[in-house]
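Structure at a glance
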Number of protein chains: 2
Amino acid sequence: MNLKQLAQELNLSISSVSRALRDSKEISEKTKKLVLAKAKEHNYHANHFASNLRKQKSKTIAVVIPEIANNFFSSAINGAESFIQKKGFHVLIYQTHDDVQQEVAIAKHLQNGRVDGIMMSLTSHTSSIHHLKEIQHKNIPLVFFDRVPHNIEAPKITTNDYESALKATEHLIKNGATKIAILCISNILSITNNRKEGYEAALKNHQLKINKNYILTCDDSREANKQQIRKLLSSANRPNAIFACVEELAICSFEICQELGLKIPQDIKIISYSNLQTADILNPSLTTVTQPAYEIGKEAAAVLFKLIEATANEKIPNKEIVLKSQLFVRNSTKK
Amino acid sequence: MNLKQLAQELNLSISSVSRALRDSKEISEKTKKLVLAKAKEHNYHANHFASNLRKQKSKTIAVVIPEIANNFFSSAINGAESFIQKKGFHVLIYQTHDDVQQEVAIAKHLQNGRVDGIMMSLTSHTSSIHHLKEIQHKNIPLVFFDRVPHNIEAPKITTNDYESALKATEHLIKNGATKIAILCISNILSITNNRKEGYEAALKNHQLKINKNYILTCDDSREANKQQIRKLLSSANRPNAIFACVEELAICSFEICQELGLKIPQDIKIISYSNLQTADILNPSLTTVTQPAYEIGKEAAAVLFKLIEATANEKIPNKEIVLKSQLFVRNSTKK
DNA sequence: CTGTTAGCGCTTTCAG
DNA sequence: CTGAAAGCGCTAACAG
């Protein structure tokens, strides 16, 4: 069922029917009703591709993230969607699985014009930004969030990793920790660097030495990470606290502690960046620093729409918006 | 940059360029190379809408789920995507937020032909299936997973809720539970009914009476649910075990236990259906029954592609495929 | 208020 | 092997 057939049945021209369906004020109420009724009767829905081709816009936004089965990103999507939906747009989700090649492939694909805007969070290994520049050259509005590139001009929404890490580390120090290890992920990402810097600043502020052996850089291999942590926690000079940059590493640490018979928090305190909303309930010994995932997604979407709705002559500043993380200590926040 | 412009620059016809780009064997290797080089130079990408309009297919699949920020569904999407991507298709995700109206709106929207197939998991309140029938009438391949309707002919992928609930309840009984409560969600959903039936069967098998007061039907209001559980656990005849049909209800129970000073598992044992992969690590006192979320998504996608790839005369049976859940007891499964 | 018409950019016969 | 041309279904400028 298409416009042509509808028009024939109604003895109207295609354009009148089209206009009636789109509630144009050039059409009389009477015809509108007639058309609407017929359309409903035949369960007519305008072809998406034809109208998009004609209008050169799709009312859809692409969200590119490393992994969907990740509490942070799924919450961020939720925030983004809440905004996008209000605008009557749709969401197309692409996962890179933290693989640069896939990120590049997706970036190429998105140049075909199927979306009106793109929200992106990079893989841990993205260093070349050629594929991102290409998108910008095609004038497709582009906003980065969380895992953002530092060498490209574009709006970026991030959290204050530095400050949060500093607070988290200080929390450990205040609770008696003296030898604090940090578990990082890939150090290409700015989030890792910021978190590490916050950690180091906290140590300095409290006259604690930075011990290189206490700084672990982990990767995607769970077993290798556990081995590193095991070595650290079995060593003569083992730390009495751990700051995990991501939850996965905190969980690995839990397992190693159990393996080695170390008690939490007596023998060793653990604090973690976490986006598993229920983590603190499921495990009272885990103190967490929580990123406002939902808000980041929502804010990124809001900025993206500013770009989309901006007229050609208007210029939106490419500033970085920094949202605050929350230190979430179970004892002090629960009644 | 479009075909026309490319053709002009190359002194070729539009159709030749189009063919070359799609690697047609009607084109000489020489011209192909020329075309490919030019295309790359100009960073050309075929317009998605134009080619879809022409070909009447989009190589994209819609996945409709209640909520993305939910471990089960995000894992299911992951499984689906792994399959869909291999086929060179894309994924369009729609959230209903467990709202029937939104589900209907999405179903209507998807009739515009923007996707080649649909995977769907219903809201807890979907009872009318008119909007689902409409999709079928438009001959858009449709597959249901997890939250499936019982009164419509279509492929459905589910887990064996009955058997899993039975095993979970028996696990409690074997560990000394005699008064077992069940926390259900909306009883329109077949999953709830199956889980309840499994629970009841286990009780019968062990000569335990079914106590109506021990069967709670919860809804979307966290506070109301907690109030119900609080009442149950403060009552004179309080149960010594709980089987939670969803994790959220287990977490509520934890909180109430803490509030009332009940010890787990001494005073009360809790077992839960759970899809939070890390739940057992984060909380050793929680025994879980885990659905194979990833596999469900993957299987649903596989079945959907059978429908998509089936020729008109072929018929794919609309049978329900049941995947097995896993009982996940920390002590017995960890080394 | 309604109709005619010219494309949007691409694929695909059909004709050479 | 290459080109001309029709048309996917819709929208919007233009004409009445």
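Let us look at the structure shown here. Small disclaimer: the values here were computed from a predicted structure and weren't measured.

What counts, and where the lines are drawn
- Residue numbers run consecutively from 1 along every chain, following the written order of its sequence.
- Chain A is the first chain written and ligand 1 is the first ligand written, with later ones labelled in order.
- Note on the predicted model: pLDDT of at least 70 is required for a residue's local features to be given, and 80 or more for side-chain atom pairs to be given and counted; whole-chain, interface and lining totals, by contrast, use all residues.
- To get the side-chain values, all heavy atoms of the structure are used, and hydrogens and water are removed first.
- All copies are superposed by least squares; the fitting set is the C-alpha atoms of residues with a pLDDT of at least 70 in both.
- Residue contacts follow a heavy-atom distance rule, with two residues in contact if any of their heavy atoms lie within 4.5 Å.
- The criterion for a residue being near a molecule or strand is simple. One of its heavy atoms has to lie within 4 Å of it.
- For this analysis, a polar contact is any N or O atom pair within 3.5 Å, provided that within protein one partner can donate a hydrogen and the other can accept it, and provided that sequence-adjacent residues contribute only side-chain to side-chain pairs.
- Each helix is a run of H or I in the DSSP string that is no shorter than four residues. Each strand is a run of E no shorter than two, and both are numbered from the N terminus.
- The rule is short: rings of Phe, Tyr and Trp, with Trp giving its six-membered ring, pair when the centres are within 6.5 Å, and they are stacked under 30 degrees, edge-to-face over 60, tilted in between.
- The cut-offs for exposure are 20% and 50% of the maximum accessible area for each residue type, with area from a 1.4 Å probe on protein chains only; residues under the lower value are buried, those over the upper are exposed, and the others partly exposed.
- Only buried residues count toward a nonpolar core, which is a set of Ala, Val, Leu, Ile, Met, Phe, Trp, Tyr and Cys residues joined through side-chain atoms within 4.5 Å.
- Here a strand pair is declared whenever DSSP counts at least two bridges between the two strands.
- Note on definitions: angles span 0 to 180 degrees between N-to-C directions of axes, and those axes are lines fitted to C-alpha atoms, for helices only across the stretch in contact.
- Buried area, as used here, totals the accessible surface that two parts lose on assembly, with accessibility defined by a 1.4 Å probe and the loss added over both.
- For this analysis, a salt bridge means a side-chain nitrogen from Lys or Arg found within 4 Å of a carboxyl oxygen belonging to Asp or Glu.
- Under the scheme applied here, ten amino acids are nonpolar (Ala, Val, Leu, Ile, Met, Phe, Trp, Tyr, Cys and Pro), four are charged (Asp, Glu, Lys and Arg), and all others, including Gly, are polar.

1. Side note on the relation of the copies chain A and chain B
- Once turned by 180 degrees and shifted 0.0 Å along the axis, chain A lies on chain B with an RMSD of 0.1 Å. Such a turn and shift between the copies fits a two-fold axis.
- Looking at chain A, 100% of its interface residues are interface residues in chain B too, so the copies touch through the same face.

2. Remarks on the protein's contact with DNA strand D
- Around DNA strand D, the structure places 27 residues, and the nearest of them are Leu3, Tyr44 and Arg54 of chain A together with Arg19 and Arg54 of chain B.
- A share of 65% of the atoms of DNA strand D within 4 Å of the protein falls on sugar and phosphate groups.
- The backbone of Asn47 of chain A places a nitrogen or oxygen atom 3.2 Å from a phosphate oxygen of DNA strand D.
- Mapped onto the surface near DNA strand D, the elements with two or more residues apiece are α2 (14-21) and α4 (48-55) of chain A together with α2 (14-21) and α4 (48-55) of chain B.

3. Remarks on the packing of aromatic side chains
All names here are of chain A.
- Applying the stated criterion across every chain, the model contains nine aromatic pairs over all chains.
- Centre to centre, the rings of Phe243 and Tyr273 are 6.3 Å apart; their planes meet at 40 degrees, and the pair counts as tilted. Highlighted residues: Phe243 in strand β8 (residues 241-244) and Tyr273 in strand β9 (residues 269-274), separated in sequence by 30 residues.
- The class of Phe243 is buried, set by a relative accessible area of 0%.
- Joined through ring pairs, the aromatic side chains of Phe83, Phe89 and Phe305 make up one cluster.

4. Things to note about the nonpolar core
- Ranked by size, the top nonpolar core spans 83 residues in total, and within it Ile180, Tyr199, Leu233 and Phe243 of chain A together with Ile180, Leu233 and Phe243 of chain B carry the most contacts.
- Filtering out sequence-adjacent residues up to four positions away, Phe243 of chain A remains in contact with Ala165, Ala168, Thr169, Leu172, Ile180, Ala181, Ile182, Leu183, Arg195, Tyr199, Ile271 and Tyr273 of chain A.
- Membership of the second largest hydrophobic core comes to 54 residues, among which are Ile93 of chain A together with Ala80, Met119 and Leu304 of chain B.

5. A short note on the sheet that holds strand β6 (residues 180-184) of chain B
Residues and elements named next belong to chain B.
- Spatial strand order, β7-β6-β8-β9-β10-β12: six strands in an open sheet with mixed pairing. Only two strands of the sheet have a single partner each, and these edge strands are β7 (215-217) and β12 (326-328). Neighbour to neighbour, the strand axes of the sheet diverge by 15 degrees on average, direction disregarded.
- Where β6 lies against β7, three bridges are found, and the strand directions are parallel. Bridging across to β7, Ile182 finds its partner in Ile215.

6. Observations regarding the interface of chain A and chain B
- Each partner contributes residues to the interface: chain A has 52 residues there, and chain B has 52 residues.
- For the pair chain A and chain B, the summed buried surface comes to about 4400 Å²; carbon and sulfur atoms form 56% of the total.
- Run the count over chain A and chain B and you get zero salt bridges.
- On the surface where chain A and chain B come into contact, there are 20 residue pairs in polar contact (both at pLDDT 80 or more).
- Elements that contribute at least two residues to the side of chain A that touches chain B include exactly α4, α5 (71-86), β2 (90-95), α6 (100-109), α11 (247-260) and α12 (279-282) of chain A.
- For the side of chain A that touches chain B, the leading source of residues is α5 of chain A, giving seven residues.
- Residue composition of the side of chain A that touches chain B, grouped by class: 19 nonpolar, 24 polar and nine charged.

7. What about the pattern of salt bridges?
- Counting across every chain of the model gives 26 salt bridges over all chains.
- Among the salt bridges present, the one from Glu9 of chain B reaches Lys38 of chain B, with a minimum N-O distance of 3.5 Å. Of the two residues, Glu9 of chain B is situated in helix α1 (residues 3-10) and Lys38 of chain B in helix α3 (residues 29-41); the sequence distance between them amounts to 29 residues.
- Looking at Glu9 of chain B, the relative accessible area reads 42%, which means it is partly exposed.
- A single salt-bridge network, built from bridges that share partners, covers Arg222, Lys226, Glu248 and Glu255 of chain A.

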